[in-house]
Amino acid sequence: MKKIINRKNTAAVACAAMMICAAGAVPDSVLSVSMPVQAAEAAEQTSLPQVTGLTSKTPDISSIRLSWNAVSGADGYSIGMRSKGQYPEIADVTDTTYLVTGLPAATRENFKVRAYKIVNGQKVYGDYSVNYNSATNPRPISGLKAQTGNASVSLSWKKVGCSNYRVFMLENGKWKQIAQTDTNSYTVIGLDAGSYKFKVRACKRDDKGANHYGKYSQEITAQAVTVNKVTGLTSKTPNTSSIKLSWNAVSGADGYSVGMRSKGKYPEIADVKGTTYTVKGLPAATRENFKVRAYKIVDGVKIYSDYCENYNSATNPRKVTGVKASDITASTLDLNWKSVGCTSYKVFIYTNGKWKNIASSTVNSCAINGLYAKTTYRFKVRACKTDDKGSNHYGAYSEEITVKTPDHTVEVINGMSYVDGVLLANKTYSLPASYDPKGLTKETSAAFKKMQTAAYKDGISLWVCSGYRSYYDQRYLYNMYCNRDGKAAADKYSARPGYSDHQTGMAIDVNNASDSFGGTREAKWLANNCAKYGFIIRYPKGKEAYTGYQYEPWHIRYVGTPLAQNITNSGLSLEEYFGITSQYKD
Ligand SMILES: [Zn+2]
């Protein structure tokens, strides 16, 4: 500094003045120098171009070697490294390269270089180069470990400062990068069973996107095994609290882990060597979900297969108790029992030497109809739990109960006779003249329409030829027949007033009330199907002794479906079925 001030050079003085100012001690003599014109001239004479071609190499974890293009006429170069937004000088060199040392590993740094020329002993600087960024290498990776997996190897290593890690695997004698990961672990998947070599290195990415790599870790050799998925998981439910699982053996497996679903997960409930396991202590009639996976033991560690598909089953419901029959009539009764946890109840009846399931109920009761009078029946009930895949699991059967149906009884209400609720009109049981339903009953009409529709689909036309007939209409007809054929003959085919089935409003002559109807397609269809809709052929062939009338294939009577089917299946006439007569008193 002193040397510079002693020279009487205006540019140097100007420069010195600035430096003195900066130092805070300013002699008056210096400040009085008037210099702008001379300073500008000096700058022009000494101006140097900007440094170009600034680049670098990173040889290790703590150095960056910078280099740049030589500037013609330069006496030296000043290197600045960014710190708090400034580029304080870190070196002053005459060469066009400089090794920055002592940096932390995996750190990004920014540099600028400017050339200078010494003019009158004073450094006159050119412009800074553009900012240049680089980074030191990350530290080498240590502590690389490998864990054998199912068709996989899990690698882990110690963390170092870096942008990411690169994983390499030896393939066909060559190292190949197989992954880039931000964390210090990586699982290589899709491996066949066998031995593999791996190594890892860290990478630091600088601001311009160039990568700087740390040294490779030591190579590690790791094994992958394959453990196949369990197949054929199935079960049996032996009782109300257990489910016995079984599955196909997996080749080479050392054991199996059984998981049972809980809150969406499958925590292990058993670790077994064999291919069966009985889950015990479950509640009755409960659905459970299971998964099983196989494992092999490698170096003391269990290597698991993937889980098999979810498998659902259920425990059996408890035994049904307290079965009772109530409201027992000649043809119907109600069964009820104590509730147990289940999906449904199955009701069984003993018939033809076998137990037969006759009803399924979701509630603890069931109405049974279509029974015969004076007949002994046996019933039993069991509960059923349906699992999520639709399989049924049954509880034990209840104790059997035995019920005897009573005989049919004829009840007379307001002059009308009923047997098991069926209104009677034959030669024994008459209707009062005042009984007038004014047409076919609602049930009868509806049932006939349903039957008509079904017949039509089979290509059969059915219609009502004669339905309801009042007491007075019947009186007119009967008197006419008597006058024509005599009383004895008329009584064989026509009813006396008050004794006609037609007065019930539940009898219909179909299509054509004459012998020519017999044997037609319509007559056959009617005989084969009318019971399904609640009708019976009221005066069957060969039953005149019971019904009091000759065969009338066209005359049907509505009695409701269960009874119609029972009467038809029995091959009996209505009179025989109920054990009643049809005879005029005189
Ligand atoms: Zn008729």
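The present account deals with the structure reproduced in this document.

Reading the values: rules and limits
Residues numbered from 1 in each chain as written. Predicted model: local features only at pLDDT ≥ 70, side-chain atom pairs only at ≥ 80, totals over all residues. Heavy atoms only, no water. Pairing = 2+ DSSP bridges. Helix = DSSP H or I, 4+ residues; strand = E, 2+ residues; numbered from the N terminus. Axes fitted to C-alpha atoms, helices over the stretch in contact; angles between N-to-C directions. Phe/Tyr/Trp six-rings, centres within 6.5 Å; stacked < 30°, edge-to-face > 60°. Buried < 20%, exposed > 50% of the residue type's maximum accessible area, 1.4 Å probe, protein only. Donors = N, O, S within 2.8 Å, 3.2 Å for Na, K, Ca; no water.

**Quick look at the sheet that holds strand β2 (residues 64-67)**
The three strands lie next to each other as β1-β2-β5, forming an open sheet whose pairing is antiparallel. Each edge of the sheet is formed by a strand with only one pairing partner; in this case those strands are β1 (55-57) and β5 (97-100). Across the sheet, the axes of successive neighbouring strands diverge by a mean angle of 25°, strand direction being ignored.

**Observations concerning the sheet that holds strand β29 (residues 365-368)**
The antiparallel open sheet is built from three strands, whose spatial order is β25-β26-β29. With one partner strand each, in any of the chains shown, β25 (324-326) and β29 form the two edges of the open sheet. Each strand axis lies, on average, 25° off the axis of its neighbour in the sheet, ignoring direction. Of the pairings in the sheet, the one linking β25 to strand β26 (residues 333-336) comprises three bridges and is antiparallel in character. Its bridge partner lying in β26, S326 is registered against D334.

**Describing the packing of aromatic side chains**
Counted according to the given criterion, the structure contains 18 aromatic pairs. With 5.2 Å between their ring centres and 65° between their planes, Y350 and W355 make a pair best called edge-to-face. The class of W355 is partly exposed, set by a relative accessible area of 24%. Look at Y481 and Y493: their rings are 5.0 Å apart centre to centre, the planes differ by 70°, and that puts the pair in the edge-to-face class.

**With respect to the coordination of the zinc ion**
For the zinc ion, every protein donor is listed as H502 (NE2), D509 (OD) and H555 (ND1), and the spread of their distances is 2.1 Å. On the primary sequence, the residues serving as donors to the zinc ion are separated as H-x6-D-x45-H. Residue D509 is found in strand β37 (residues 507-510), and its partner H555 is found in strand β39 (residues 552-558); the two are separated by 46 residues along the sequence. An identical accessibility class is assigned to D509 and H555; each is buried.

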